[in-house]
Every structure is written in structure tokens, then in C-alpha cells.
2 protein chains.
Amino acid sequence: SALLHNPLMNIIKLFGPIVNGQLADNYPFVTMDDFELSCKGVYRALTIREKYMRLAYQRFPLTTSQYLRDIEGEPFMPEHSVQPVFTSPPKEGEDPFNTKCLPENLSWVARMKDGVIYVYKDAAEADQHKPIENMPAPHYETFIDDMNFLIALIAQGPTKTYSHRRLKFLMSKFNVHEMLNEMEEMKELKLNPHRDFYNCRKVDTHIHAAACMNQKHLLRFIKKSYRVDADRVVQNIKGKDVTMKELFANLNLHPYDLTVDSLDVHAGRQTFQRFDKFNAKYNPVGASELRDLYMKTENHIDGEYFARIIKEVASDLEDARYQYAEPRLSIYGCNPNEWTKLSGWFNKHRVFSPQLKWMIQVPRIYDIFRGRNFVPHFGKMLENIFMPIFQATIEPHANPELSIFLKHVTGFDSVDDESKHSGHMFCTKSPKPEEWDIVKNPSYSYYIYYMYANITMINQLRKARGMNTFQFRPHCGEAGAVTHLLASFMTADNISHGLNLKKSPVLQYLYFLAQIPIAMSPLSNNSLFLEYAKNPVLEFLKKGLIVSLSTDDPMQFHYTKVRPNWVPEPLMEEYAIAAQVFKLSTCDMCEISRNSVLQSGLSNEEKTHFLGADYLKEGPEGNDIRKTNVAQIRMAYRYETLCYELNLIKEGLKTD
Amino acid sequence: SALLHNPLMNIIKLFGPIVNGQLADNYPFVTMDDFELSCKGVYRALTIREKYMRLAYQRFPLTTSQYLRDIEGEPFMPEHSVQPVFTSPPKEGEDPFNTKCLPENLSWVARMKDGVIYVYKDAAEADQHKPIENMPAPHYETFIDDMNFLIALIAQGPTKTYSHRRLKFLMSKFNVHEMLNEMEEMKELKLNPHRDFYNCRKVDTHIHAAACMNQKHLLRFIKKSYRVDADRVVQNIKGKDVTMKELFANLNLHPYDLTVDSLDVHAGRQTFQRFDKFNAKYNPVGASELRDLYMKTENHIDGEYFARIIKEVASDLEDARYQYAEPRLSIYGCNPNEWTKLSGWFNKHRVFSPQLKWMIQVPRIYDIFRGRNFVPHFGKMLENIFMPIFQATIEPHANPELSIFLKHVTGFDSVDDESKHSGHMFCTKSPKPEEWDIVKNPSYSYYIYYMYANITMINQLRKARGMNTFQFRPHCGEAGAVTHLLASFMTADNISHGLNLKKSPVLQYLYFLAQIPIAMSPLSNNSLFLEYAKNPVLEFLKKGLIVSLSTDDPMQFHYTKVRPNWVPEPLMEEYAIAAQVFKLSTCDMCEISRNSVLQSGLSNEEKTHFLGADYLKEGPEGNDIRKTNVAQIRMAYRYETLCYELNLIKEGLKTD
């Protein structure tokens, strides 16, 4: 705090990691001009993110906003900040599937224009493209301008040097904090009754529904289903009914003989750097028939087994009490009925649990659908994905099952192998989605922009109707170009993975300043992209990036045994290994747990219950140690460190 | 097998890791003379171990013995090999505490001479030191000679080079095996029905009873005991009864407010390289009173709570079905009643479980006892430790509780901080134990020799009486001098830790050739001595050393959550983390599990049940894949590799 409250500090001093006396070494590397240039760039980058977050009802830190207003000489009005809206858990005795309390139908009209769906009062206004007021779409040309500015910024030498040095400073500063205050933090936690790492809330912020059970759980389920349902018709091939017995006989195997080895869904050494092989691991015994039967919502038995498996996982989490998960279900955009089927499955099997917050993942596989002529152009795929939501939001009673399902959906994910390069470069000359009719896949940024734009429009509509909104939380920075992280910086409330922030100091520094949550999965990375000990999760945590831990795919990555009573604990495995390998303190682990709750789609009511009434406030006053078990010293350190960095930017701009 | 069956192979070729074409590089480093010298040394070292193992009814590999006989031109008689004897689990309905079937009392006399206890027909023969025949003691001077030979050997340049190069070769060879056969191994496992990593048997080969519960388990137990027993008298201080309520009030704390943080038994960053700090972690909330109450067998409540905690751990293991553990209980040698009290505790609380195989750990803290004048000399400490066992073995009915307890004890451990240096050097001039009356602690080797010598005498006596024998399984090579590993090479059936084998190529190669099991605990090492990623466990496994995984102290090192139903899984945490960090294959993990069963004190009956009827045979014919889930290709690889190395020694000695 001494550092923070001394704005007159010599500008040269501000650069060095003064704390360990390297000042002299650092001096020659940054000139006053470079400093100003960097601060200008960083300032503008932050205002860009702030603008797009606000437009989509996504989050931006109050502290950062306050400094931006300070720089502009504008008053800061925290009451004008926006927050996403999530559905509260049902009250005692309330039925989460009750369609009676849905809002009334409106006669509004939704229509896609240039890949973005707008809402109009009626068809006539739609024909003239006069959308309803107060529901502004992102401005396409401005977005491209902003993006190009950021592309230049992250490659700009002085800003790279500046960010690199600030990050190095953040690292050293945390190490000093740790050496000075580790014992004090521990003392706070020891004096904090009834709360420890085990009973502070954690959310598995990144998990795919199709792999949310572990391998042993799936194995047992398959065996059990066979014992009970061997004669049940589970397939219909060309009009011929196939029983489960016949299905397994055709595969030349008997479930009784299955083991986790023959099931072969676990990622091994073979999957490292081979995302293609990894995807095949979703097929039990290598048979897509079994994936269809057990891990799909659409099949001959209406996804009954998949629903039952998920409900077993949920019931285990309910028993465990302090763990929540955010499973992803797929919408492909291949045809407009997907939502009807998915929400039908959700309602029919009553796949609801207070421990689960649902997300929709959209695979970036337009090229495959176009290649098979399932869709005429990219715009149709977007329409298949988003139009049903608009319709259900405008006319809830005409789409009761989907409307109910959407109440429990908290966000969208964009998924696929990021290391595949599309060759396309998103720019003003890119074809509009309705014109994108070639087989080639558009770039990551193009996908991200159009998902963001449509989610923005949906959120404005749903907010106006008093409904819950959706967050955009793409997979980002697991592999591929760093520009992915740039697109998400502009559009995503938070991301999964973020490994490639290692490669861009400017983006890493911006993710820090904007406090963008990152769901990291070091065990998944260890099997696919990056050895465990090299994972940057510890480095990110130390620097003050907002990291949470998540499992990604327990079926493929986790070992922890499922007991006779079927209690799996992949998330605890994730925490335990990180704690062991990186020697995390209890305070570190509880800070990560707290981050995971903040990042998640848990409702305001739940967050208040789990983190404290002031959780929306930033800094130590937002922390209730009795609930989070995070030391106030840590919270103060984080807050002062963020303010110190933001203040530097302010200083840099004052010198103009 | 091509390599194995070509004894005429050019001697130069034998040295290079021929498989990856480095032959030319390797050629100049080993001369024929050095090769012969090394082979002679290694041969003699192996015969030394073989002799001391046989004397104490401990194990030595048949394969290695066979090559030694070949070298000597003697016939190999496997039927003459010795095996330890362990008590079978009680039959259905049999009471493990039944004293009726104890063997009859004899009138023999046990007496200590020069630190070793001998058995005599009667007092007269004892006075003349005429021990019963066929119970030979190790010969002291010969032992020192053998030891000095080995000390010279491990420092001998050519043998160091030779061993180093053989180990490098073993490493490369395994890597080649893995690349060639990994898929084949996996295929075997996939075709193996009903058995996978989860249901193959594993033994936690190294765990301390006082830390066998995890931190959350202990916390819950303390809270529960307070809810039920607050008014119970749990201490008597100077004639004044102290209730549990008063005890906690004196400590200024209330169990209701306790959390794992305030309990403070978990090792953190503070314990690294600080064994002294680690020992303090055994005291809950830093209070030795609580350690006495909850984790001791002797206290005002006769160790009732400790017994209950252990029985809860055992019951969890029984639920888990495939896990066993070998907890260590302490005998200090401070006074001769310790055994009576410990066995009284064991019988009173009926602390028996088929999942637990008991071991006795003896801390090397003579200096502390002597300093406080508890014992007059080192010989008395040895007598306190071992004499009661001789007495109970000679007169079981005079010592029924101890005799019952000893049936369930499978071995002895020697424990303490190995990094403490004694300054004493064990040699022919060392004072005999009865003469060792200074306060200074004798060296590690001195402790080890006298423990070994007495265990040898006990085993001969017990074997003659048809009773179970004990193995010597010291902590060894966790820290300190490499000579510790040399002492254990001569005396121990198997060891715990072995990290320092990294520092002596000769010893490492000898541990390989003699196939000495090593219980490794990388999570414990990670908190105390060596970072996880630097742990040699993977390297040892690849080279073919017999490693198992063990938890050491779940209370201090492990995280995995204890569920409402109290199922802990520290051993699975140990396997899962090793699997993740070192990318172990299923075959690797199952091989480690199999090693752990072989290393353990499970009875012949249990080993037959868990590993197959031929488990005592070496090589693939000793493996029953249906029970172990270890691929036969792996077994063949291990066997051929061992034979190849042993054959090299034989070739080296032929050239004489």
C-alpha cells in the first residue's frame, strides 16, 4: 500500500522490480516515450474490452473501470455497471420444469441479417431493418478496427517489452509477498473456524457432459445396463430393431468381460499432441455405436442412459456437498431441430440438479457440414444455432420445453482443435456469413465474432424480458495462434485453457488488468498439449491472473477410483495434484476455489451464499473469509497490486 | 530373447547400448581388464547378500542364485532356497485372538552376548555360551570384512563406470522396449477380462500407523470424540483427573472450531529439507497432549481412540476391497515393558483386520534415552527391543497377548532422520553394544547390523518352532550417506525410499541384480527431500528395479477427500499422481501393484490368491495376467533383461 499511495514516485523507479534491487539493470530498457506509448495502447485495449463486455451483459472489473474513468477525467458510476443474470435455484417445493410461470408470448419478429439476428416489432419493420431500439448490435466495421488495433498492439515492440517487464515484476512481487506474508496468511486461516479447503465451494468450470463420468463409472453403467436391459431394443438399423444383446454381439464383445483397459477411453501417452486420436477416445471400445447409446441425447432410447449417467454424477456431487460443475452439451447448428430435441431430452428425463449449471458447446465444424451439404452456407449454421433461442425468448409458451431448458443454461462455449489452421483471415473484406458458402472453415476469430454478436443480441432481448442471460466462455489458447486469445479478449466473459498467454506478454498483461477468469485443466493439457510441470497455471496464479481449476474430461484424464457407492472425485484429483506438484498453500487453493465460483454461472443468490453478501465488491471488502477461507492479506495484496499497475497506466497518460 | 540366447556375442558389443547405435562411442571406455575386475566385484557382492538373506530367512532371486551357481560350477538347487513365513488370514469363524492354539512352552533360555541374543538349552549351557545347534549367528568379523569389501567396491573406478554404463543401457533398452511393445502390452491387457488397474491388488508397503488416517479423518474423529466424551477423564496429571473438556480448555481451544488449517498436521512448503519441523507435524494443533490422546497406544484411556481410528481406516480398506496396508507401530527399546503394553493394546481393542499387516518400527534414538539415563548402554536398548520376542517365542503361554500380536507382525523397520550424521564409523574396533555407554548415537550401519543379527536369531528360533518369521525392512536411502544403502544391501529383505541409489551406480546396479524391492513415496519426498518431478521412481522402474508406491504419512502428505462415509484414498492419490506426472501406462501401474504385493508381508496363501499359484516362479511363468493385469511381454522383457545382465557377469568371469 505504500507503493500504491505514492503517485509522485519517480517514473523510472516504477519500472524496476524495486523490491529485489534490480533497478540499475532495468533502467536503460524503457524510455519515457516507450512508456507513454505502451500506456496509451493498454488504455485503449481496456476500453475496447469494456465496451464489448457492457454491450453483452458480461463482466468488467469495477476497479479497472474506475481507473479508466480517472484517466478520461470522467466520473465513475459503479451503479451503471452491468452484470449477467442467472436463474436462481428452485425454492423449496418449486418444480424447475414448471412451464406455468414463463413470461407471455410477444408478437415480435427475429430475423438474421449479415449473420446477426435482430429483433423487430413486426415483419414490416423487419423488412425495413428497423430493429427494436435499445438493443444495439456490435458495429461490424468498428469491431474489425478494434481488432486490428489490438493485433498491432500485441506485436508492438515497446508494449511487448513493457508488458513483459510488468509481468516479471508481478512475479517477483508475489514471491516477495509470499516470503513475507505466507505465515500471516496461514495464521488467518487457522483462526478461521469451521472453514477449510475441504468445505469451501469449488466449481468445475470446464467439463464436457459426454465425459463427465470417469472411466470406471461408465464401465459399471454399461455392465449394469446390460444385466437389466439385454433384450431391450436400443437401435433401429434400416427398419430392423436391434436389442442390446444383438448390438454387443455385432461388436463381438460381451459387457461382462469389459474392463477399463478394453473400454479404452482413457487418454494415454498416445494422445499427446494428437487431438485427432483424443477425439476417438470418446468411443468406448472404439465403437461409435456405444458412444451413441451411452453418451448421446439423441438415439433410439431418447438419450435415457446418458441422462441417467449424468444424474448419477449430479447425485454424487450433491452427496459431496461443496462441489459444482458446469457441463457442456452440444448444439452443432446442422439443423434447426437440435434445440427441440435437446430440450426435449432435458425435460423428459428431468436432467436437473442444483449442482449442475449447463452450458452449450458449439463445435467449429462448419466445413464438415458444408462438405456433406447439410447446410448451404455459414449463416444457416448460425441461424440453426441461435434462431430457436430468439423464438423461445419471444414466444416462451410456443416453446415451453426449450424455454425451461434455457433458464438453466448459463453460457456458450466454442470448441474444437485450435491447432488446426483455417488459412482465413477475418477482416472487412471477409464474406458475410450468408455469403460464406465455400467448404473451407472460417477462422477462429470469425466464429468467435458471430457467436459473440448473436449472444449479445440474445442477452439484450432476454434482459429486456426479465430472463436470464448467457455468457460467452470459449475454449481459447489451448493451442494455435495467439490471435485466438485476442478475439476472446474482445468478446468472452471468460475462457477455458489460456495456455498460449505464455506466448504473448501483451495479452497476458491485458488478461491480468481486465481480470479475465481462465479455467485451466493441467491434467488435460498433460495428456494433450503440455507436460504437467511446464503448465503455466502456477505462474499465472502468482502474477494475479484469475485462474480456476477444472477437469475438462474426467473420463479421459482422471483416475480417482469410483467406490462401491459411486463417489467420483476428479475435481479433487485436479486440486490435489496441482497442490502437490506446485506446492500450493491452503490459501492458494482456496483462492482458486473462490475464483472458480466467481467465474461460474452460479446465480447471484448462490454466489452470495458461497462467497458472502459483498462478493461483487472488489478487494478485501468483497471477501468473506468465513465462507471462502481466503486470507484478507492475500485479498489486499491482489487488490493493491492491481491498483498499482492501473495507476502506472494513469501516470503514463498524465505525462502527455 | 535373441540377445539372451547368444552367449558367444562379441564381448565389446555387449557394452554399448547396441540398440541405438552408440557402439562406436562406447567402445573406448571399458577395457577387458576393467570388465573382469567389475564382474568379479559384482559377483562377490551378490554372494554376500545371498549369504545374509539365507541366514535370516529372507529372499534372494532364484534367477540370480542360478547364475551364481553357474559361475561357481556348482549345481543349482532351487528347493534349498529359503522363504519367509507369514501368518495366513484366519479361516471363516476362526478368532485371530485365540490363544489356545499357541505352541507349547519350552524350557530354553535366551541371553544376550555382544549385542546378539542366543538361545540355549538351559542356563548351564548359556553360562558356557553353547547355543542350540543349527541356529548360527552372523559372524561379526566376516560381516565387517564383507562390508569393507563392499565399501571399496562402490568407490572403485572401473566398477563405477561399468555399473553406470549398464544402468544407462538398461534405461535405453527399456525405452526401446516401450516404443516397440507398448501397443502389444496394451493389447494383452485389453484382452484380459475382469481385471484392470482398479481391481488388481495393491499394498501400501510403507505407512506409519500414527499417520495412517488423513487430516480430515483425524479432524472428524476429534470432533466426534468431544461430542460424545467431553466429560470423560482422559488424563491424570500429578494425581488430578483431567476430563477431555478440561484438556481442551487448558489448550485454549474448542474442537467445534477446529478445521484442518488449525489442526495443522499437513506438511507444507515449510517442511522441505526440515525433518525436524516435519516431526512436529505429528502434534495436532501443535499440542503433544492431543498426539498422546489420539495417536498413542499408551495413555490414560489405554490407546482406545488410536485403536478406533486405525479400525476405521481398516474398515475403509475392507470396503475398498483391493487395497492392503502395512502400518508401523513403534517399539523404542527404552524399557522392557513396551511389548507387554503394545500387545495388550492390540488384544484389548482387537486391532486386527485382514487388510492390515503389522510392522514394528524402531527409532534410532539411543542418544536421547542415554542422555536421560533411561538405559545404561546400547546393549540394554537392544535387549529391551528383542528379548521379549525371544521369551514369547520360547514360552508362548507365559506371554499369550504378545504371542498373538507377534503372529500378526511381519517385519521390522528402522526409522529416523537419515541426514543426521553420527560421526561413528562401524568397524572391528567399534565397542560392543554392552560397552557402548557414551551418549553419542552409533552409526546407521551399527544399528542395522545389530537389528539384523537379532532378527536372524529370532527367525531361526521361530522357524524351528513352526512360527512366522520377520523381515527386516528399514527406511534407507531417504537422505544421508550412501553407505546406508550398502548396509541394507547386506541385511534387508527390502527397503523404504532408496532415493540415494541415484548417487551410487554400483549400489543401484546391485539392487537391480538382487531385485531388492523398494517402497517409494514420491509425495512424501516432495514434502521433505526431493521435488516430485525429480523423483527417480520412473527411472528406477524403467531400469527394472523393483519399485512399489506407498504413502508414508497420509496425515501429512495426502489431500484426497474423506467422504461423509469416510472412505479415504491416499494410496490411489499416490498412484494417480505418479501416473499423471510420469505418464505411466496401465501396464506400468499394474507392474508396480504386483511389486507391492510381492514386497509385502502378505501370507503365501494371500499372495497365491492375488498373484496366482506360481507367483514364486520368476519370469513370465510366475505371472498370472488374469490376476495381476501385467502383460506377459513385460514379464518376459524383465526376465530376459535380468538374465542378460547376469550372463554378462558370467562371461566376464569366464575370461579368467
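Below you will find a few notes about this structure. Note that the structure is a prediction, hence the values are computed from the model and not measured. (Residues numbered from 1 in each chain as written. Chains lettered and ligands numbered in written order. Predicted model: local features only at pLDDT ≥ 70, side-chain atom pairs only at ≥ 80, totals over all residues. Heavy atoms only, no water.)

**Quick look at the overall build of chain A**
- For chain A, the helix and strand inventory stands at 27 helices and 13 strands.
- For 656 residues, the compact-globule estimate of 2.2 N^0.38 gives 26 Å, and chain A sits close to it at 25 Å.
- Along the first, second and third principal axes, the C-alpha atoms of chain A reach 80 × 60 × 50 Å.
- Out of the 656 residues belonging to chain A, those deemed buried represent 62%.
- In chain A, the proportion of contacts linking residues at least 24 apart, taken out of those at least 6 apart, comes to 74%.
- Looking at chain A as shown, the accessible area adds up to about 23,900 Å², and 52% of this sits on carbon and sulfur atoms.
- For chain A, the distance from the average site of its 77 positive side-chain charges to the average site of its 79 negative ones is 2 Å. (Helix = DSSP H or I, 4+ residues; strand = E, 2+ residues; numbered from the N terminus. Rg over C-alpha atoms; globule rule 2.2 N^0.38 Å. Buried < 20%, exposed > 50% of the residue type's maximum accessible area, 1.4 Å probe, protein only. Contact = heavy atoms within 4.5 Å. Areas by Shrake-Rupley, 256 points an atom, 1.4 Å probe, with all protein chains shown as cover. Lys, Arg positive; Asp, Glu negative; His and termini not counted. Charge placed at Lys NZ, Arg CZ, Asp CG, Glu CD.)

**A word on the sheet that holds strand S13 (residues 547–549) of chain A**
Residues and elements named next belong to chain A.
- On the basis of which strands lie adjacent, the open sheet formed by four strands has the order S10-S11-S12-S13 and parallel pairing. Looking at which strands have only one partner, the edges of the open sheet turn out to be strand S10 (475–476) and S13.
- As judged from the two bridges shared by strand S11 (residues 495–497) and strand S12 (residues 518–520), these two strands associate in the parallel manner. Bridging from a neighbouring strand, Ile495 pairs with Ile518 of S12. (Pairing = 2+ DSSP bridges.)

**Regarding the pairing of strand S5 (residues 240–243) of chain A**
All names here are of chain A.
- Where strand S4 (residues 233–237) lies against S5, four bridges are found, and the strand directions are antiparallel. Paired with Asn236 across the bridge in S5 is Asp241.
- The hairpin turn running from S4 into S5, its antiparallel successor, is two residues long, and Lys238 in that turn takes a positive phi close to 50 degrees.

**Observations regarding the layout of surface pockets**
- Considered as a void within the structure, the largest pocket measures approximately 1,400 Å³ in volume.
- Taken together, 44 residues make up the lining of the largest pocket; nearest its centre are Arg291(A), Lys296(A), Ser330(A), Tyr332(A) and Pro363(A).
- At the level of elements, helix H10 (275–280), helix H11 (288–295), strand S6 (323–330), helix H13 (338–348), strand S7 (358–363) and helix H14 (366–371) of chain A are the ones that each hand at least two residues to the lining of the largest pocket.
- Tallied by class, the residues present in the lining of the largest pocket amount to 19 nonpolar, nine polar and 16 charged.
- Space inside the second largest pocket adds up to approximately 1,200 Å³.
- Lining the second largest pocket are 44 residues, and of these Arg291(B), Lys296(B), Ser330(B), Tyr332(B) and Pro363(B) sit closest to its centre.
- Looking at the lining of the second largest pocket element by element, the count peaks at five residues for helix H10 (residues 275–280) of chain B.
- Residue composition of the lining of the second largest pocket, by class: 20 nonpolar, ten polar and 14 charged. (1 Å grid on protein atoms, 1.4 Å probe; cavity = no way out; pocket = protein on both sides within 12 Å on 5 of 7 lines; lining within 4 Å. Points joined across faces, edges and corners; volume = space filled by probe spheres on them. Nonpolar A, V, L, I, M, F, W, Y, C, P; charged D, E, K, R; others polar.)

**Thoughts on the nonpolar core**
- Core analysis: the biggest nonpolar cluster contains 381 residues, and Tyr294(A), Phe386(A), Phe412(A), Tyr294(B), Phe386(B) and Phe412(B) have the highest contact counts within it.
- If we ignore the near neighbours within four places in the chain, the residues touching Phe386(A) are Ile117(A), Phe412(A), Tyr450(A), Met451(A), Asn454(A), Ile455(A) and Ile458(A). (Core = buried A, V, L, I, M, F, W, Y, C linked by side-chain atoms within 4.5 Å.)

**As for the environment of Glu312(B)**
Residues and elements named next belong to chain B.
- Residue placement: Glu312 occurs in helix H12 (residues 304–320).
- You can call Glu312 buried: its relative accessible area is 18%.
- Along the backbone, Glu312 and Arg372 are 60 residues apart, and their C-alpha atoms lie at a distance of 37 Å.

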